[in-house]
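# Chain and residue survey
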Amino acid sequence: MTKLSVNINKIATIRNARGGETPSVLEAAINCQKFGADGITIHPRQDERHITKKDVYDIKPIITTEYNIEGYPSKDFIKMVIAVKPEQITLVPDGPNVITSCAAWDTVKFQDYLKEIISEFKVHGIRTSIFVDPKLEMIKGAKLCGTDRIELYTEDFAKGYSENKEKAISPYVLCAKKATELGLGINAGHDLSLENLAYFSKEIPNLDEVSIGHALISDALYLGLENTIQMYKRLL
Ligand code: PXP
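Below or above, wherever it landed, is the structure these notes cover. (Residues numbered from 1 in each chain as written. Predicted model: local features only at pLDDT ≥ 70, side-chain atom pairs only at ≥ 80, totals over all residues. Heavy atoms only, no water.)

### A closer look at the packing of helix H10 (residues 214-223) against helix H11 (residues 225-235)
- Contact geometry of H10 with H11 gives a least axis separation of 7 Å together with a crossing angle of 130 degrees. In this view, H10 runs oblique relative to H11, as classed from their interaxial angle. You can see that H10 and H11 cross each other, and the crossing is right-handed. In this structure, H10 contributes Ala215, Leu216, Asp219, Ala220 and Leu223 to the contact, and H11 contributes Leu225, Asn227, Thr228, Ile229, Met231 and Tyr232. (Axes fitted to C-alpha atoms, helices over the stretch in contact; angles between N-to-C directions. Helix = DSSP H or I, 4+ residues; strand = E, 2+ residues; numbered from the N terminus. Parallel < 35°, antiparallel > 145°, perpendicular 65-115°, else oblique. Left-handed = near helix turned anticlockwise from the far one by under 90°. Contact = heavy atoms within 4.5 Å.)

Have a look at this one:
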């Protein structure tokens, strides 16, 4: 079964719009798990515009499933992740000023750099995943970096889905097969939704986990969080 990790950044965005503690990020994490999420994902950014450093630490003790922290591996970020010790770290090459993740790693160019960071997390028993485009050379490069998993960057799939879903999925299928052949676990995320998730999950072999935030939290405004999580789970 593919696991659903719910990204709760958007809950923090709403909370921060007013200051204070409403809606509570901790309560959201507790409830997502109660309603069936298999994991909680956060993506703290340097400017703390949604998830704060305090959130990163506060969430850890209420995790009953899997804690996945995503982000750019600055020195401060690495130190914080090692202190918190989540089940998984997802490395993303996003700069400080981007609205959301908008690029994947070049696992060939940054191989030595990634290798060093990944080995540091491994010493602390933290599973590693790196955010990659669906290109075979990037999957092979990821393997050489020593990562446990890759996270396939699904924005292009989501964009191409309505026009030609067979064409949109095809590079992802090839890369998933290659990843399995190389012994890499497979995660996926970005712009996955109620519309495109069933097809993605049906077509991608050995999909370990999807992490979904924007569409899921938006759907929950109309459908309720419990119902929405169950709907996403059924598509997996
Ligand atoms: N994966 C990564 C690496 C991300 O940065 C994000 C967004 O924070 C997601 C998955 C989830 O994307 P979305 O919010 O579009 O579901």
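Having put the structure on the table, let's press on.
### Some points on the pattern of salt bridges
- Per the counting criterion, the structure on display carries 13 salt bridges.
- Residues Asp94 and Arg45 are paired through a salt bridge, measuring 2.5 Å at the closest nitrogen-oxygen approach. Placement of the pair is Asp94 in the loop between strand S4 (88-91) and helix H5 (111-123) and Arg45 in the loop between strand S2 (39-42) and helix H3 (53-59), with a sequence separation of 49 residues. Like Asp94, the residue Arg45 is buried in the burial classification.
- For Arg127, the salt bridge is made with Glu66, and the minimal N-O distance between the two is 2.8 Å. In this pair, Arg127 is assigned in strand S5 (residues 127-132) and Glu66 in the loop between H3 and strand S3 (67-71), connecting sequence segments 61 residues apart.
- One network of salt bridges, in which partners are shared, links Lys3, Glu66, Arg127, Arg149 and Glu209. (Salt bridge = Lys/Arg side-chain N within 4 Å of Asp/Glu carboxyl O. Buried < 20%, exposed > 50% of the residue type's maximum accessible area, 1.4 Å probe, protein only.)

### What about the packing of aromatic side chains?
- In the structure shown here, the tally under the stated rule is 9 aromatic pairs.
- Between Trp105 and Phe110, the aromatic rings sit 6.1 Å apart at their centres with planes inclined by 70 degrees, giving edge-to-face as the arrangement.
- Residue classification places Trp105 among the buried residues on the basis of a relative accessible area of 4%.
- For Phe110, a relative accessible area of 34% corresponds to the partly exposed category.
- Taken together, the ring pairs connect Phe157, Tyr161, Tyr172, Tyr199 and Phe200 into an aromatic cluster. (Phe/Tyr/Trp six-rings, centres within 6.5 Å; stacked < 30°, edge-to-face > 60°.)

### Here we look at unusual backbone geometry
- The residue after Thr22, namely Pro23, is reached through a cis peptide bond having omega -5 degrees.
- With respect to the secondary-structure elements, Pro23 resides in the loop between helix H1 (9-18) and helix H2 (25-34).
- In this structure, Asp191 is a non-glycine residue whose phi angle is positive, near 65 degrees.
- Counting through the fold element by element, Asp191 comes out in the loop between strand S7 (185-189) and helix H9 (197-203).
- Judged by relative accessible area, Asp191 falls into the partly exposed class, the value being 39%.

### Examining the pairing of S2
- Both faces of S2 are covered, namely the face carrying Gly39 and Thr41 and the face carrying Ile40 and Ile42.
- Sheet topology places strand S1 (residues 3-7) next to S2; 3 bridges connect them, and they run parallel. Across the sheet, residue Ser5 finds its bridge partner in S2, namely Gly39.
- In the sheet, S2 pairs with S3 via 3 bridges, with the strands oriented parallel. Within the sheet, the bridge partner assigned to Thr41 lies in S3 and is Asn68. (Pairing = 2+ DSSP bridges.)

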